[in-house]
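Secondary and tertiary structure notes
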Amino acid sequence: MLQHLNPLGQPVGESLADWQVPPHPPGQILEGRLARLEPLVVARHAASLYAAHALDADNRNWTYLPYGPFDTFDGYCAWIDTHCRGGDPLFYAIVERTSDAAVGVASYLRVAPASGSIEVGHINFSPRLQQTPAATEAMYLLMKHAFELGYRRYEWKCDALNAPSRAAALRLGLSFEGIFRQATVVKGRNRDTAWYAAIDREWPLLHAAFARWLDPANFDAAGKQRVALSALTRLSLQGGALLPVG
């Protein structure tokens, strides 16, 4: 933690005199090589998303979300129209470029330009998207966009019992910051919330780690990764140098 002394000799935080309040995310399309993030719209995305989520036969993906599963397509559309059309949360459909089909959802939320803080959440990857390079690229695109807009802090929060989400946050290079006990109530159950975040001074090295991992040369002919993203982000946070691809 950086600190400085004020004229009274008291420790205070670093001056942010040159920092400018970032704009609210404008809801633009975020283009990647494998995935494209589009503001979520019923007419464009709902049918594809509902079909993709239906592949999750036991509804495992909905356990830690405060809504869903949805028994009918009309119910799903009504939820999107009611909850997903505002600026906070700002929902995106994750579209795989090979099929032009929406196969997952994520959002920005708790957007606080005045403090330079923004959160990513409402993440729901259908079985078609899970454990694919496109899923990782989607998370990269959201983080990249936030820091390029000028945000200082990028947050990830999840149920402390959601082991896959907690592992994903670490893999993506976010640091564990603690657990808020009895933070909220979700679907009639207590939820302790685990907090993770990345900050702007970490982003250049994390960006290099993502670029290194997403490079096509990092995958063999069968599509298997040569170097794990978790190894690259861990090395970045430790200040290590990344080796060239290939």
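Everything here concerns the structure above.
I will try to describe carefully the structure that is included in this document. Values in this document were obtained by computation on a predicted structure and should not be read as measured data.

**Description of the pairing of strand β9 (residues 175–186)**
As paired strands, β9 and strand β10 (residues 189–199) are joined by eight bridges and run antiparallel to one another. Bridge pairing in β10 links Phe 176 to Tyr 196.

**Concerning the sheet that holds strand β3 (residues 30–31)**
An order of β3-β4-β5-β6-β7-β8-β10-β9 is seen for the eight strands of this open sheet, with the pairing classed as mixed. Only two strands of the sheet have a single neighbouring strand rather than two, namely β3 and β9. The strands that helix α4 (residues 163–171) touches are β8 (153–159), β9 and β10; relative to β8, the one it contacts most, it runs at about 160°.

**With respect to helix α5 (residues 203–214)**
Under the 1.5 Å per step criterion, the end-to-end length of α5 is 16 Å for twelve residues, consistent within 8% with the ideal 16 Å. Among all positions in α5, only Trp 203, Leu 206, Ala 209, Phe 210, Arg 212, Trp 213 and Leu 214 are buried. On its buried side, α5 packs onto α3 (133–149), α4, β10 and α6 (229–237).

**Looking at α6**
The complete set of buried residues in α6 reads Leu 229, Leu 232, Thr 233 and Ser 236. Down the axis of α6, the buried set is contained in an arc of 95°. They therefore lie on one face. Residues of α6 that are buried in the fold lie against α3, α4 and α5. Just downstream of α6 lies Gly 239, where phi reads positive at about 80°.

**What about the nonpolar core?**
Counting 46 residues, the largest nonpolar core has Leu 37, Ile 94, Tyr 108, Leu 142, Tyr 154, Trp 156 and Leu 174 as its most contacted members. In terms of residue count, α3 provides more of this core than any other element does, ten residues in total. Residues Leu 40, Leu 49, Tyr 67 and Ile 80 belong to the second largest nonpolar core, which totals 17 residues.

**Things to note about the environment of Cys 77**
Counting through the fold element by element, Cys 77 comes out in helix α2 (residues 73–83). Note: C-alpha distance between Cys 77 and Val 42 (35 residues apart in sequence) is 6.2 Å. For Cys 77, the contacting residues outside a window of four places in its chain are Val 42 and Ala 46.

**Let's talk about a nonpolar patch on the surface**
Taken together, the side chains of Leu 170, Phe 176 and Ile 179 make up a nonpolar region of the molecular surface, amounting to roughly 270 Å² of accessible area. By secondary structure assignment, the location of Ile 179 is in strand β9. What makes Ile 179 partly exposed here is its relative accessible area of 39%.

**As for the packing of helix α1 (residues 42–53) against α2**
Viewed as axis vectors pointing N to C, α1 and α2 meet at an angle of 130°, and their least axial separation amounts to 10 Å. Taken together, the axis directions place α1 and α2 in an arrangement best described as oblique. Where α1 crosses over α2, the handedness of that crossing is right-handed. Seen from α1, the contacting residues are Val 42, Ala 46, Ala 47, Leu 49, Tyr 50 and His 53; seen from α2, they are Phe 73, Tyr 76, Cys 77, Ile 80 and Asp 81.

**Overview of the packing of aromatic side chains**
Here the structure, examined in full by the defined rule, presents 18 aromatic pairs. A centroid spacing of 5.8 Å and a plane angle of 40° characterise the contact between Tyr 50 and Tyr 76, whose relative ring orientation is tilted. Separated by 26 residues along the polypeptide, Tyr 50 in helix α1 and Tyr 76 in helix α2 bring together distant segments of the chain. You can call Tyr 76 buried: its relative accessible area is 2%. Residues Tyr 140 and Phe 210 carry aromatic rings whose centres are separated by 5.3 Å and whose planes lie at 35° to one another, so their mutual orientation is tilted. You can see Tyr 140 sitting in helix α3 and its partner Phe 210 sitting in helix α5, a full 70 residues away along the chain. By relative accessible area, which is 11% here, Tyr 140 ends up buried.

**Topic: unusual backbone geometry**
Here Gly 68 and Pro 69 are connected by a cis peptide whose omega angle stands at 0°. Backbone torsion omega between Asp 88 and Pro 89 reads 5°, so that peptide bond is classified as cis. For Pro 89, the location among the structural elements is in the loop between α2 and β5 (90–96). Even without being a glycine, Arg 110 presents a positive backbone phi close to 45°. Tracing the chain through its elements places Arg 110 in strand β6 (residues 101–112).

What counts and what doesn't
Residues numbered from 1 in each chain as written. Predicted model: local features only at pLDDT ≥ 70, side-chain atom pairs only at ≥ 80, totals over all residues. Heavy atoms only, no water. Pairing = 2+ DSSP bridges. Helix = DSSP H or I, 4+ residues; strand = E, 2+ residues; numbered from the N terminus. Contact = heavy atoms within 4.5 Å. Axes fitted to C-alpha atoms, helices over the stretch in contact; angles between N-to-C directions. Expected span 1.5 Å × (residues − 1). Buried < 20%, exposed > 50% of the residue type's maximum accessible area, 1.4 Å probe, protein only. Arc of directions from axis to C-beta. Core = buried A, V, L, I, M, F, W, Y, C linked by side-chain atoms within 4.5 Å. Patch = residues over 30% accessible without salt bridge, like charges linked within 9 Å, V, L, I, M, F, W, Y side chains within 5 Å. Areas by Shrake-Rupley, 256 points an atom, 1.4 Å probe, with all protein chains shown as cover. Salt bridge = Lys/Arg side-chain N within 4 Å of Asp/Glu carboxyl O. Parallel < 35°, antiparallel > 145°, perpendicular 65-115°, else oblique. Left-handed = near helix turned anticlockwise from the far one by under 90°. Phe/Tyr/Trp six-rings, centres within 6.5 Å; stacked < 30°, edge-to-face > 60°.

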